[in-house]
Amino acid sequence: MSLTLLATTHRVAPGLLTWKAWDVLRSAGRVLVRPGHPLLPYLRDAGAAAEETAVPDPAALVAAARDGDVVWVAAPEGDEDLMREIGALVVHDPLDVEVLHGSYDLPGARLLDLVAVMDTLRRDCPWDRKQTHETLVPYLLEEAYEVLDTIENGDYGALREELGDVLMQVAFHAVVAAERTDETAFTVDDVAAGIVDKLVRRHPHVFGDVSVSGADEVNANWEQIKAAERAEKSGAEASALDGVAMGQPSLSLAAQLHRRAGRMGAPGDLAPSTGQDAGTGDDLGIRLFALVREAADRGLDAEAELRAVSRVFRDRVRAWERRRQRD
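Scope of this entry: the structure provided in the associated data block. (Residues numbered from 1 in each chain as written. Predicted model: local features only at pLDDT ≥ 70, side-chain atom pairs only at ≥ 80, totals over all residues. Heavy atoms only, no water.)

## Notes on the sheet that holds strand β4 (residues 70–73)
Part 1 of the reasoning: What the 5 strands build is an open sheet, ordered β3-β2-β4-β1-β5; its pairing is parallel. Looking at which strands have only one partner, the edges of the open sheet turn out to be β3 (50–52) and β5 (96–101). The average undirected angle you get between the axes of adjacent strands in this sheet is 25°.
Part 2 of the reasoning: Bridge analysis of strand β2 (residues 30–33) against β3 gives 3 bridges, and the strand direction is parallel. Within the sheet, the bridge partner assigned to Val-31 lies in β3 and is Ala-50.
Part 3 of the reasoning: In the packing of helix α3 (residues 58–67) onto the sheet, contacts are made with β1 (2–7), β2 and β4, and the angle to β4 comes to roughly 145°. (Pairing = 2+ DSSP bridges. Helix = DSSP H or I, 4+ residues; strand = E, 2+ residues; numbered from the N terminus. Axes fitted to C-alpha atoms, helices over the stretch in contact; angles between N-to-C directions. Contact = heavy atoms within 4.5 Å.)

In structure tokens:
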């Protein structure tokens, strides 16, 4: 005689159970399941004589199992309290009790929870309900910079949380977009499908039959594929500078423009050389632009270098403040 507690995950479609789970369900003397359980119709289709019942008293469930093999189908979110009570009951009066996992989360399954939570927030929270793509932009930028801070500070323990905040912003934009009724609407699945297609297309050495000799050739192929994509999208007007976000911080903008131009073999004398060329009243911008190029030539990130010096300056100012307070 035995009691089997069948656990399933709500992140897998009902009915997709392991062979062992189906075998136990078909052979059990009694299969008990709460009314409305998502697995119920599949149990009936499989010929398992499921009895609908409210969550049973643990003692009654144990007593039934002493008379014959019983399976209790736990709720998708689990019946932990019931399982603990059963465990306490059989400590002094042993019974063959097994927790059988009939389905398991796949990698990435918790992303389904994020989608469900964002749908609920968009529907039920007044603040979340009124947000737009435009109002969410500052939060996306803030969260991205917080990720950058954790990496630069080596705080990898905090990185998971900060990446979660960025992921939430992606899901938020997707749920806003899904509400539109025109051709601009899309869902989070469309977002995922788009990046999957792009990654597969740009990695023919992984997903196709292209052979490469190393990372440099991978990068060259990547740029060639991107150029073909731009040409298909923009035709004769396509440029290697397409897609450069002009609204990004100026140092990172200059560095990206340098990188894109360098990949094309553009000559360095195309850079602004006078205040008039740069649209400024003096040559400060030109000197900054040249410093960004110098950093790139030395394999450095001008934005990161300036940020590192700024942190040193911050620490020195704070130390000066502390000394002044002591004095």
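## Some details on helix α5 (residues 110–124)
Part 1 of the reasoning: With 15 residues, α5 extends 21 Å from end C-alpha to end C-alpha; this agrees with the ideal 21 Å at 1.5 Å per step.
Part 2 of the reasoning: Next to the buried residues of α5 lie α6 (126–129) and α8 (156–177). (Expected span 1.5 Å × (residues − 1).)

## Points about the packing of α5 against α8
Part 1 of the reasoning: Between α5 and α8, whose axes approach to 10 Å, the crossing angle comes to 55°. The orientation of α5 with respect to α8, classified from their angle, is oblique. Classified by chirality, the crossing of α8 by α5 is right-handed. Residues Leu-111, Leu-114, Met-118, Asp-119 and Arg-122 of α5 pack against Leu-167, Met-168, Ala-171, Phe-172, Val-175 and Val-176 of α8. (Parallel < 35°, antiparallel > 145°, perpendicular 65-115°, else oblique. Left-handed = near helix turned anticlockwise from the far one by under 90°.)

## Some words on α8
Part 1 of the reasoning: Given a rise of 1.5 Å per residue, 22 residues ought to cover 32 Å, and the 32 Å separating the end C-alpha atoms of α8 matches this to within 8%.
Part 2 of the reasoning: Every buried residue belonging to α8 is among Ala-158, Leu-159, Glu-162, Gln-169, Ala-171, Phe-172, His-173, Ala-174, Val-175, Val-176 and Ala-177, and all of these are buried.
Part 3 of the reasoning: Elements that come into contact with the buried residues of α8 comprise α5, α6, α7 (133–152) and α9 (188–201). (Buried < 20%, exposed > 50% of the residue type's maximum accessible area, 1.4 Å probe, protein only.)

## Digging into the pattern of salt bridges
Part 1 of the reasoning: Under the criterion given, the structure shown has 20 salt bridges.
Part 2 of the reasoning: Put simply, Arg-84 and Glu-80 hold a salt bridge, and the shortest N to O gap is 3.8 Å. With a gap of 4 residues between them, Arg-84 and Glu-80 both fall in helix α4 (residues 80–90), about one helical turn apart.
Part 3 of the reasoning: Judged by relative accessible area, which is 52%, Arg-84 ranks as exposed.
Part 4 of the reasoning: When its relative accessible area of 54% is taken as the criterion, Glu-80 is described as exposed.
Part 5 of the reasoning: A salt bridge links Arg-110 to Asp-113; the shortest N-O distance between them is 2.6 Å. Taken together, the residues Arg-110 and Asp-113, both in helix α5 and 3 residues apart, mark about one turn of the helix. (Salt bridge = Lys/Arg side-chain N within 4 Å of Asp/Glu carboxyl O.)

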